[in-house]
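# Structure assessment
Now for the letters of each chain:
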Amino acid sequence: MRKAFTFLFCFMILLYGWLGYNFIVNQELSFDQSKGELSDIAEEVIAIPLETHNNCQLEQIQLIKRDKEHIFLISNQQLFHFNSSGKFIGQITTLSNQTSKGIDVIDYVIDPVHACLIVIGEEKKVHYYDYDGQLLAQRTLPQELSWQTFGQIAYHDHHLWVTINQTKKNHNQDAIMEQWLYKFDLNFREVEK
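Predicted model, so just to flag it, every value in this text is computed and none were measured.

What follows concerns the side chain of D107. Summarising the element assignment, D107 is placed in strand β5 (residues 105–111). Of note is the side chain of D107, whose polar atom sits 3.2 Å from the backbone nitrogen of I153. Sequence-distant contacts of D107, defined by excluding residues within four places in its chain, comprise L63, K65, I118, V119, I120, Q152 and I153.

Quick look at the structure:
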């Protein structure tokens, strides 16, 4: 009985080993998820031609976001506003009367509850705009976090979720990059998780 069990056990190990080997050799295992069909994530796609003119020259478009009939995007580190049919509404981040330099936008989020744009600019400044481009408030990011750079920012459930990259040194004095996720209220006060 013991010999039969040992024989059966060895036979099963060899069988599963052979099947596993054939599966790996004959299958192309691809973990690249960067490819796919647009129909995998959207039921309908609508092309919206954006209106441009002398006051609205678009290049290097990135971070396109939408709130109902409002479309926002960054071009040349400036934030622009369009309606859902592509009509140019205005440039949100423009040169102010107080300074000769505009805000170079790093990232932004839409607060749909308050119809507000929260814009992260250079020099660790946060700017709050309404959809018409009126500056509502300006704050400096909290210094106690000692972050070096923003990763990304997102709005969810009345809170801001921010990834922050920090560089530290290990025991060998090698630089190590860490990425941390923080939860803030809309005034950038850290919220307990």
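Here the focus is the packing of aromatic side chains. Scanning the entire structure with this criterion turns up 3 aromatic pairs. Geometrically, the ring pair formed by F80 and F88 is tilted, given 6.3 Å between the ring centres and 50° between the ring planes. Looking at F80, the relative accessible area reads 4%, which means it is buried. With a relative accessible area of 12%, F88 lands in the buried category. Their ring planes at 65° and their centres at 5.7 Å tell us that F82 and F88 sit as a pair that is edge-to-face.

Another point: the sheet that holds strand β4 (residues 88–91). Where strands meet in a sheet, backbone hydrogen bonds hold them as pairs that are either parallel or antiparallel. Spatially, the 4 strands line up as an open sheet ordered β1-β2-β3-β4, and their pairing is antiparallel. One side of each edge strand has no neighbouring strand; the edge strands of this open sheet are β1 (61–67) and β4. Between one strand axis and the next, the sheet turns by 20° as a mean value, whatever way the strands run.

This brings us to the pairing of strand β7 (residues 125–130). For β7, a buried count of 5 out of 6 residues is recorded, marking the element as mostly surrounded by other parts of the structure. Relative to β7, strand β6 (residues 116–121) is paired through 6 bridges, and the arrangement is antiparallel. By the bridge assignment for β7, I120 is matched with V126. With antiparallel pairing between neighbouring strands as the criterion, β6 and β7 make up a hairpin whose turn holds 3 residues, including E123 at a positive phi of roughly 60°.

Let's shift gears to the nonpolar core. Counting 15 residues, the largest nonpolar core has I118, V126, I153, L160 and F188 as the members making the most contacts within it. Taken together, the elements giving at least two residues each to this core come down to β6, β7, β10 (159–169) and β11 (175–184). Ignoring anything within four residues of it in the chain, the contact list for L160 reads V109, I118, I153, A154, Y155, Y182, K183, F184, D185, L186 and F188. Among the nonpolar cores identified, the runner-up in size contains 12 residues, and F72, L79, I103 and Y108 belong to it.

The next thing to look at is a nonpolar patch on the surface. On the surface, F7, L8, F11, M12, L15, Y16, W18 and L19 cluster together into a nonpolar patch covering about 860 Å² of accessible area. Structurally, W18 is set in helix α1 (residues 2–26).

A positive phi angle is found at L63, which is not glycine, with a value near 50°. Structurally, L63 is set in strand β1. Residue class for L63 comes out partly exposed when judged on its relative accessible area of 31%. Positive phi is not limited to glycine here, since A115 has a value of about 50°. Inspection of the secondary structure assignment puts A115 in the loop between β5 and β6.

Here the focus is the sheet that holds β7. In space, the 4 strands of this open sheet follow the order β5-β6-β7-β8, with antiparallel pairing throughout. The open sheet has two free edges, formed respectively by β5 and β8 (135–140), since each of these has just one partner strand. Mean inter-strand twist for the sheet, computed between neighbouring axes without regard to direction, equals 20°.

Here the focus is the environment of G86. Mapped onto the secondary structure, G86 falls in the loop between β3 (78–83) and β4. Discounting residues that sit within four places of it in the chain, G86 has contacts with I48, P49, L50 and E51.

Parameters and conventions
- Residues numbered from 1 in each chain as written.
- Predicted model: local features only at pLDDT ≥ 70, side-chain atom pairs only at ≥ 80, totals over all residues.
- Heavy atoms only, no water.
- Helix = DSSP H or I, 4+ residues; strand = E, 2+ residues; numbered from the N terminus.
- Polar contact = N/O pair within 3.5 Å; in protein donor to acceptor, adjacent residues only side chain to side chain.
- Contact = heavy atoms within 4.5 Å.
- Phe/Tyr/Trp six-rings, centres within 6.5 Å; stacked < 30°, edge-to-face > 60°.
- Buried < 20%, exposed > 50% of the residue type's maximum accessible area, 1.4 Å probe, protein only.
- Pairing = 2+ DSSP bridges.
- Axes fitted to C-alpha atoms, helices over the stretch in contact; angles between N-to-C directions.
- Core = buried A, V, L, I, M, F, W, Y, C linked by side-chain atoms within 4.5 Å.
- Patch = residues over 30% accessible without salt bridge, like charges linked within 9 Å, V, L, I, M, F, W, Y side chains within 5 Å.
- Areas by Shrake-Rupley, 256 points an atom, 1.4 Å probe, with all protein chains shown as cover.
- Salt bridge = Lys/Arg side-chain N within 4 Å of Asp/Glu carboxyl O.

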